Structure formats: C-alpha cells, structure tokens
Amino acid sequence: MLSQSDPQVWNFYKREWRRQEEGLELIPSENYASLDVMAAAGGIFTNKYAEGYPKKRYYGGNEWIDEVELLAIERVKSLFGSPFANVQPHAGSQANMAAYFALLTPGDTVMGLNLSQGGHLTHGSPVNFSGKWYKVVPFSLHPETHLLDYDEIARLAEQHKPKMIIAGFTAYPRQVDFAKFAKISRSCGAKLMADMSHVAGLVAAGEHPSPIGHADVTTSTTHKTLRGPRGAFILSPSEETAKLIDKAVFPGLQGGPLENMIMAKAVAFHEAAKPGFKTYAKQIVKNAKALAKALLDLNFTLVSGGTDTHLILIDLRNRLLTGKEAQLALDAAGITGNKNTIPNDPQSPFITSGLRIGTPALTTRGMKEKEMEKVAQWMDEVLKSPADESVRAKVKAEIRKMAKEFPIYSDLIKE
Ligand SMILES: *Cc1c(COP(=O)(O)O)cnc(C)c1O
C-alpha cells in the first residue's frame, strides 16, 4: 500500500484526488478518464519492452502485447474510418514531430496558426523544434470575426508555397472546415496535416467534421475530448504515408512504446465507439453552448461571439481583468480554467487577456445545462470581486456541495 510505504507521495495523491473530486474542472483539454482506462494505464503492461511493431519486435515475450496493440490499431481505425494507424506516440507533440519527420525535410516551409492566436507550440513556434528546424509562415484569424480566414490562408499559401499546412487548434471555439484546408493545400502542392487533438472525441461522435478523407496525415492526443489516457496516435490515408509515419515514430523518435498506455488507448477507443459516447459528445457541445449563453447574459465577452465545440475563449478586457488574475481568483474558489491569449492580445502570454474554458470534464461528471448556468454565475461572482476572500470561500463551499451530487472518483479512496 502506497499510503504505508510512501506516505509523502500518498499525501499529495490524496490532495490531488480531492481537488479533482471537489472542484470544477473547466480546462478544455482535460477530462476524467474511466477507472478502466486508468487501471490499464497502471497495469502490468508497464513492465514490457516492445521496440518495433506487432509481429516485428526487437524483444521476445510480446505475444500478448502484440494482440493488444493490434486491437488498439483496429479500434482507432474503425472509430475514425481510417485505413492506417500508429498508436505509439507518447504524446501529441511526439505525434506531430513524427508527422514532420515523415513528410518534410528540415528547412521546408510550413504554415500553421500563430501560437498566440490558438495554434500549438508544435505548429511552428520559434521556441519549439517546429520553429527551429522548419521555415514557418504563421497565419492569423480574421481580425474582426476571429474566425479562420480561408481566403487569407489561401493567399499566403499561394505566395509562400509551403510543403505542409497544419489545420490544428488549441483555443478555437468554432468548427474547422477540413475540406477547405485540403483544397488550399492541393492548390499549392502542400501536404495537409490535421491535428485534431482538442476535438477528437467530438469527431469520433460525429459532433465535429472529420479530417479523414481530407488530410494527408491526422494526428491527435487521446486525453482531451476523447477521454482516454495521456497519449496520442497518428492516422494515415495510404500505405505509403503509413510506412513513413511508422519509421518516423520508431526508430526515428522513440524507443520502447508505452504498452500500458497503448492498452489504455485500446480501452478508451472501445468506450468511444459505444452509443453512450455519442450522447456524451452531444452533451459536451450542448453544455458549452449553454455556458456560453449564460456568460454572455452576464456581460462576458466571448471570442467569436460563442462556441460550436467544447471550448469557450473569454475576452476579459471589459471586466478590467487579465487572464492571470482571473485564473488565480477562480482557482481559489475551486474553478480551474486557464489563462490564454486572445487574438491580437495586448498582454504577454504569461499575463494574457483571455480565459480558456470548456465542458468535457464537467460533462463526464453528468452535469447538464442547468449546472452550466450555475457555473457561469459562480464565475461572475468571483470575477466581480476577484480579491475578496469571503466571496471565494462562499463559492468554493457551494461548488463542493454541487460536486458531491456528481461524484467522479469517490470510490477510489476511502478516508
Ligand atoms: C494538446 C495538443 C497537442 C500536444 O499534446 P501533448 O500531449 O501535450 O504533447 C498538440 N496539438 C494540439 C492541437 C493540442 O491541442
């Protein structure tokens, strides 16, 4: 028992459990994985080396590991309707790096959404491998609507002739038109990489357009709306691309795959194929729309005016608050969101003018539209007097009470 053998670590584990159980998790890239997923991730597959791919390993003893990895591959292919899949990337960043390795040569030009506008570090940020090893032409959202400006992307693509265009987003509250991205990519001879990390669960459930059939390669994390373990996968439309991707992941970038996490991915893909997951994904979007409406009614400004996904980006400038201040005040009241730059943010990425929130985790707990109204009211209350400790304490107590009605891991620890 860890509680006996290592009370120091156990103490922190218990406190984190309490935080997850008693607070409101509004970070849009987070979720609560099922007990089955977590059991798989923490199970005996931890112990096995399996460099290589199923039936072609560099270690013995992989007969059951192979079966599980093959199952994970079959399940993710069927979930997204893709002919080829690699389930070995340790994380989304590794999956993206593998796609770069497979399809580009260092020095090639890539186009992706500016990090400060909602792209990802791996989409060409100068502090990331993608910005250091490749020539980057970042594109921006439309300055007024804050929507993807496909005409402008097409113009830049025509001008710079990139080798790859990246359609992937971390703070974009609207649906992405992958068909338009594919048309632009084809017209300038670029490959299209779709990074559906944030919306994979919505895509699996048919609540967001799928990049499959449009993209030359699709990458995704497994732990966001898809509600699996921390990890990632890559989908390829052709055998030629799949071979390049496999080589890029191993031996190009990784050694032994995390077979325990691959088992947990297999479990998560199985869960995501069940009818209940469709209901879940539908409710994520319904909840996000309800939360957005309630926030608008309380005089919050939302980037792009609302949402049609799981994600909401609040522009805090009319509340005379920075993202950092808002995040800190909400955290003290038991509401976890994250500060985030808004398009053309006047503040630095450490301060920001925005707050990024989302509904995947709360929806997993079973919360619905009615609870979203309460969440908006609590946020309003805390952010009206962000330094008032009595307000925070009052809200925190109310949240704890509601969280008790929507238990998530309450059986995990008996105190
Ligand atoms: C989360 C995310 C990633 C990176 O995932 P990690 O597992 O944190 O490396 C990449 N791209 C997008 C669009 C993401 O949202």
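What counts, and where the lines are drawn
- Residues numbered from 1 in each chain as written.
- Predicted model: local features only at pLDDT ≥ 70, side-chain atom pairs only at ≥ 80, totals over all residues.
- Heavy atoms only, no water.
- Helix = DSSP H or I, 4+ residues; strand = E, 2+ residues; numbered from the N terminus.
- Rg over C-alpha atoms; globule rule 2.2 N^0.38 Å.
- Buried < 20%, exposed > 50% of the residue type's maximum accessible area, 1.4 Å probe, protein only.
- Contact = heavy atoms within 4.5 Å.
- Lys, Arg positive; Asp, Glu negative; His and termini not counted.
- Charge placed at Lys NZ, Arg CZ, Asp CG, Glu CD.
- Patch = residues over 30% accessible without salt bridge, like charges linked within 9 Å, V, L, I, M, F, W, Y side chains within 5 Å.
- Areas by Shrake-Rupley, 256 points an atom, 1.4 Å probe, with all protein chains shown as cover.
- Salt bridge = Lys/Arg side-chain N within 4 Å of Asp/Glu carboxyl O.
- Near = heavy atom within 4 Å.
- Polar contact = N/O pair within 3.5 Å; in protein donor to acceptor, adjacent residues only side chain to side chain.
- Nonpolar A, V, L, I, M, F, W, Y, C, P; charged D, E, K, R; others polar.

A.B. asks: Teacher, can you tell me more about the overall build of the chain here?
C.D. replies: Along the backbone of the chain there are 16 helices and 15 strands. In terms of overall dimensions, the chain is globule-like: its C-alpha atoms have a radius of gyration of 21 Å, near the 22 Å expected for 415 residues. Referenced to the eigenvectors of the C-alpha coordinate spread, the extents of the chain come out at roughly 60 × 60 × 40 Å. Buried positions account for 56% of the 415 residues belonging to the chain. Of the contacts formed within the chain by residues at least 6 apart in sequence, a portion of 72% connects residues at least 24 apart. When the 49 positive and 45 negative side-chain charges of the chain are each reduced to one mean point, those points stand 0 Å apart.

A.B. asks: Explanation requested: a nonpolar patch on the surface in the structure shown.
C.D. replies: A cluster of nonpolar side chains, Y13, L35, M38 and L412, forms an exposed patch at the surface whose accessible area comes to about 350 Å². With respect to the element layout, L412 can be found in the segment after α16 (389-405).

A.B. asks: I keep staring at the environment of H270 and nothing clicks. Help me out?
C.D. replies: Of note, H270 is situated in helix α11 (residues 259-272). Residues H270 and L71, 199 residues apart in the sequence, show an inter-C-alpha distance of 9.6 Å.

A.B. asks: Looking at this structure, how should I read the site of the ligand?
C.D. replies: Close to the ligand lie 14 residues, the nearest being G92, S93, D195, H198 and K224. In the environment of the ligand, an oxygen atom lies 2.9 Å from a nitrogen or oxygen atom belonging to the backbone of G92. Here S93 contributes a side-chain N or O atom positioned 2.8 Å from an oxygen atom of the ligand. Computed on the free molecule, the ligand has an accessible area of 380 Å², of which 85% lies beneath the protein chains in the complex. When residues in the shell around the ligand are grouped by element, the largest group, three residues, is from helix α5 (residues 92-103). Considered class by class, the residues forming the shell around the ligand number two nonpolar, 10 polar and two charged.

A.B. asks: Would you take a moment to explain the side chain of H223 for this structure?
C.D. replies: Locating H223 in the fold gives a position in the loop between β9 (217-221) and β10 (232-236). Here the side chain of H223 touches G231 through a polar contact of 3.2 Å, landing on its backbone nitrogen. Ignoring any residue separated from it by four or fewer positions in sequence, one finds H223 in contact with S29, N31, G228, P229, R230 and G231.

Purely geometric stuff here, so don't read any function into it on its own.
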